[in-house]
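# Understanding the architecture of this molecule
Next come the chains, spelled out residue by residue.
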Amino acid sequence: MNAPMPAQIDRAARQREAVAALSAVLPAHALLWQSEDTTPYECDGLTAYRQRPLVVALPETEAQVAAVLKACHALQLPVVARGAGTGLSGGALPDALGVTLSLAKFNKIVLVDALARTATVQCGVRNLAISEAAAPHGLYYAPDPSSQIACTIGGNVAENSGGVHCLKYGLTLHNVLRVRGFTVEGEPVEFGSAALDAPGLDLLPIVIGSEGMLAVTTEVTVKLVPKPRLARCIMASFDDIRRAGDAVAAIIAAGIIPAGLEMMDKPMTAAVEDFVHAGYDLNAVAILLCESDGTPEEVAEEIDRMLDVLSGAGATRMEVSRDEAQRLKFWSGRKNAFPASGRISPDYMCMDSTIPRKRLADILLAIAEMEIKYGLKCCNVFHAGDGNLHPLILFDANDPDQMHRCELFGADILETSVAMGGTVTGEHGVGVEKLSSMCVQFSPAEREQMFAVKRAFDPAGTLNPGKVIPTLQRCAEYGKMHVKKGLLPFPGLERF
């Protein structure tokens, strides 16, 4: 039998230390450390990167969360908070020598206040469950990511999630009033307020979208909005990508803010139609889903205006949902884009970037060229109204060469988005997936400011370490590789 390597000895010793400390503050059933028990936690929705944690802690009360954090802080153990694991950037990827803090048991709806139009819920409550609880009061929670049937509000806060209706109703940031949780030291902390303002510095916008790097969220108060009396959706077909992209800009330029404005290209439409039979036009090069909601009078007027704009932009076919069932059918296709892609490819990598609306056609044409360059197919679906792209690169993870080309393809999309005036992420976060691309987006000085915020909350850097903000060394290595391979015209990277 081979003797264990030093790293294995360190891991085993560290695991025994962690189990001993956490056994003192958690019941036996709330602590996992055997490999067969921790393997299900080795990745989130980004399955290309996997790592088993030392220990998985499953607290059931806030007192237990505080105790776990205090114990980990005393041992300087890294802690990675995890919700439903639906994230797509590796934000919940475990630390090899750390603790995964699963908050799945925090799934209670604390209060639905119909008069104040708010809901206070624990962090493990599913996004859709909030709307289901508010429905008897004629209210709902507006942000609706495609994974809303499974994703949790704590994860939505971590990633600042959006959804198909974010154009009109905003992202998580615009719909959360208050976040309660704990610091890395296990001290209680609260951001925002149930009132219109909160005392002291406004730190709520910093915490929302911070990807679990600043604090551990346990409870959230969200805004609720009245359910619209009517909603109707237009499915518009285009025979040219550029005309479809220009139509999006034309709708916004006309002063119309649709409840939803989504776009899918032909490969994505074909994959979805075969899966859910939503009634999509399979001959179209691209389709737009344009929704209006409000009173019947408001909807009728806005639908007519959008039809005029779409017709003037060159739509080849337009169909307005006849009833609620058909409207939901139209949206079921969009919301099932990811599982539909999983049916036509062994694996896919879902990218996430933003661009100015006027560059929609440019990025799609650029992606088409990348398909040839990297020898991989890509299906495109995105929140066209706010320029948030979700290209799905199809590949086989069992083929190391395909995996490598997929990573290069993804980096190319992100960096092309930056070159077009956009950003490397819209709502999926940076996690581990986009660390290198952050080197392109932000200068060393800007990244140092991000680290300064991180240090203010977490001086030792043990809360979700190694995520979101790339180090100077990583950017230097990436810059040299980037220039050497000539992937994109960003030679300035070599100075990093």
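Scroll up a little and you will see the structure.
Quick summary incoming for the structure in this document.

About the thresholds
- Residues numbered from 1 in each chain as written.
- Predicted model: local features only at pLDDT ≥ 70, side-chain atom pairs only at ≥ 80, totals over all residues.
- Heavy atoms only, no water.
- Disulfide = S-S within 2.5 Å.
- Buried < 20%, exposed > 50% of the residue type's maximum accessible area, 1.4 Å probe, protein only.
- Salt bridge = Lys/Arg side-chain N within 4 Å of Asp/Glu carboxyl O.
- Helix = DSSP H or I, 4+ residues; strand = E, 2+ residues; numbered from the N terminus.
- Expected span 1.5 Å × (residues − 1).
- Contact = heavy atoms within 4.5 Å.
- Pairing = 2+ DSSP bridges.
- Axes fitted to C-alpha atoms, helices over the stretch in contact; angles between N-to-C directions.
- Phe/Tyr/Trp six-rings, centres within 6.5 Å; stacked < 30°, edge-to-face > 60°.

Below, the discussion takes up the state of the cysteines. The final tally for this structure, using the stated rule, is one disulfide. Here Cys72 stays free of any disulfide, with the sulfur of Cys123 as its closest cysteine sulfur at 16 Å. Free of any disulfide, Cys123 has its nearest cysteine sulfur in Cys151, 13 Å distant. Look at Cys123 and you get buried, because its relative accessible area is 4%.

Another point: the pattern of salt bridges. Under the criterion given, the structure shown has 25 salt bridges. A salt bridge links Glu219 to Arg178; the shortest N-O distance between them is 2.8 Å. Placement of the pair is Glu219 in strand β10 (residues 216-223) and Arg178 in strand β8 (residues 176-182), with a sequence separation of 41 residues. By the burial criterion, Glu219 is buried, and Arg178 matches it. Between Glu291 and Arg327 there is a salt bridge, with the nearest N and O atoms lying 2.9 Å from each other. One end of the pair, Glu291, is in strand β14 (residues 286-294); the other, Arg327, is in helix α11 (residues 324-335), with 36 residues separating them in the sequence. There is no split in this pair, since Glu291 and Arg327 are both buried. Taken together, the salt bridges that share partners define one network made up of Glu62, Arg178, Arg180, Glu190 and Glu219.

Moving on: helix α13 (residues 360-374). With 15 residues, α13 extends 21 Å between its outermost C-alpha atoms, agreeing within 8% with the 21 Å of an ideal straight helix rising 1.5 Å per residue. The complete set of buried residues in α13 reads Leu360, Ala361, Ile363, Leu364, Ala366, Ile367, Met370 and Tyr374. Tucked into the core, α13 has its buried residues touching α8 (241-253), β13 (260-265), β18 (378-383), β19 (388-395) and α14 (400-419). Among the residues trailing α13, Gly375 stands out with phi positive, at a value near 65 degrees.

Sheet architecture is open: four strands sit in the order β1-β2-β4-β3, paired in mixed fashion. Whereas interior strands pair on both sides, the edge strands pair on one side only; in this sheet they are β1 (31-32) and β3 (79-82). In this structure, β3 lies alongside strand β4 (residues 99-102), joined through four bridges in parallel fashion. Within the sheet, the bridge partner assigned to Val80 lies in β4 and is Thr100. Packing of helix α3 (residues 62-75) onto the sheet brings it into contact with β2 (55-57), β3 and β4, and relative to β4 it is tilted by some 170 degrees.

Before going further, it helps to spend a moment on the packing of aromatic side chains. For the structure on display, the rule yields four aromatic pairs. Seen from their ring centres, Tyr140 and Tyr169 are 6.3 Å apart, and the 75 degrees between their planes marks the pair as edge-to-face. Residue Tyr140 is found in strand β7 (residues 139-140), and its partner Tyr169 is found in helix α6 (residues 166-169); the two are separated by 29 residues along the sequence. Consider the rings of Tyr374 and Phe409, whose centres lie 5.4 Å apart with planes at 25 degrees: the pair is stacked. With Tyr374 in helix α13 and Phe409 in helix α14, this pair connects stretches of sequence that are 35 residues apart.

Spatial relationships are all this shows, so hold off on functional conclusions.
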